[in-house]
Structure formats: C-alpha cells, structure tokens
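As a plain string of letters, each chain reads:
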Amino acid sequence: MKIRQESNEEAREYIREKVIAYNMEQLPEERGAKKESTAFTVRDDTGNIIGGITCTLFWQHLHIDFLWVEESKRKVGFGEKLLAEAENYARQNNARLIKLDSFSFQAPAFYQKHGYTVFGKVEDHPAGHTQYYLVKKL
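The following refers to the structure shown. Bear in mind that the values here come from a model prediction, so they are computed numbers and not experimental data. (Residues numbered from 1 in each chain as written. Predicted model: local features only at pLDDT ≥ 70, side-chain atom pairs only at ≥ 80, totals over all residues. Heavy atoms only, no water.)

A separate point is the overall build of the protein chain. When its secondary structure is counted, the protein chain shows three helices and six strands. Each helix and strand of the protein chain, placed in order from N terminus to C terminus, yields the pattern α-β-β-β-α-β-α-β-β. Considering only C-alpha atoms, the protein chain reaches an extent of 55 × 40 × 35 Å along its principal axes. Burial analysis of the protein chain (138 residues in total) assigns 29% to the buried set. Of all intrachain contacts in the protein chain linking residues separated by at least 6 positions in sequence, the fraction that spans at least 24 positions is 47%. (Helix = DSSP H or I, 4+ residues; strand = E, 2+ residues; numbered from the N terminus. Buried < 20%, exposed > 50% of the residue type's maximum accessible area, 1.4 Å probe, protein only. Contact = heavy atoms within 4.5 Å.)

Dropping the structure here:
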C-alpha cells in the first residue's frame, strides 16, 4: 500500500460517494429524502447577477452555501430578500432547520438579526478572525 497526494476530482468524488454511501447505511430512514441544490439570484436590468444565494437541501434541512450581494448594492434589502427566498424554499420542502457558517468579517450579525443562533465557533480562524456556525429551526 502507498499513500499519495492526489489533486484530481475523480479521487475526491470517489471518496465523497463512499462517505455518502456509509452515511445512508447509518440513516436508512433518510435514504429516500430529497437532495437538491438550488440558487436564487438578483439580476439588474441588463441581466447581470448582482446578488445570489446558493443552498443544498438534504436530510430534512437546508444548508446555505453562499450568500453574496455586489458591494454597491448592499444595505438595500437584497440579502434579506434572498435569505427569505431560501427560507421559503426550505419550508416548502419540509426542512426542519437551516444551517450555515459565516466568518466574523462576513455577516454573522445579519443572520442573527434574522433569527439564526450561533451553535459553535472557531476562534482565530482564519488568523485574527472567527468562524461562526449558525442554525435556525423552522
């Protein structure tokens, strides 16, 4: 046997699939649960994306992957509207909760303002900052 570093997607995907298969063996009732990735976007009049949120629905919860609004369009409600769309999507798909992570230089206070609770954090990661893990039960 030999351990080697691999940077190809094929190896990464193979390992991911093996972990998912193991997880499904441990959680047979979740086997038929819907798994779906989606995004909601805000576009300007010319069709350019100026904001969006990406999320993944599985195991009766929604994971918010990324929420972004173009800097010049921030503080006017687009982030709030995108978050509301994701939350509505979660409710329509019978999700029990929503979870995400956010760094101190991003927007943990924004999520807390919208009912998310910090359930964990990693201080000094990256150096000089904190990574927050947040959840909102539906």
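Helix length check: helix 2 (residues 78–92) (15 residues) gives 21 Å between terminal C-alpha atoms against 21 Å at 1.5 Å per residue, within 8%. Of all the residues in helix 2, the buried ones are Gly79, Leu82, Leu83, Ala86, Glu87, Tyr89 and Ala90. Projected down its long axis, helix 2 carries its buried residues within an arc of 155°, all on one side. Across from the buried face of helix 2, at angles greater than 90 degrees, the exposed residues are Lys81 and Gln92. The inward-facing, buried residues of helix 2 abut strand 1 (36–43), strand 2 (49–58), strand 3 (61–69), strand 4 (97–103), helix 3 (108–113) and strand 6 (130–137). Positioned one or two residues after helix 2, asparagine 94 has a phi angle of 60°, which is positive. (Expected span 1.5 Å × (residues − 1). Arc of directions from axis to C-beta.)

All right, on to the sheet that holds strand 4 then. Spatially, six strands are ordered 1-2-3-4-6-5 in an open sheet, and the strand pairing comes out mixed. Both edges of this open sheet fall to strand 1 and strand 5 (117–123), since each of them pairs with a single strand only. When the angles between neighbouring strand axes are averaged without regard to direction, this sheet yields 20°. Judged from the seven bridges that link them, strand 4 and strand 6 form a sheet pairing that is antiparallel. Note on strand 6: the bridge partner recorded for lysine 99 is valine 135. The strands touched by helix 2 are strand 1, strand 2, strand 3, strand 4 and strand 6; relative to strand 3, the strand with the most contacts, the crossing angle is about 160°. (Pairing = 2+ DSSP bridges. Axes fitted to C-alpha atoms, helices over the stretch in contact; angles between N-to-C directions.)

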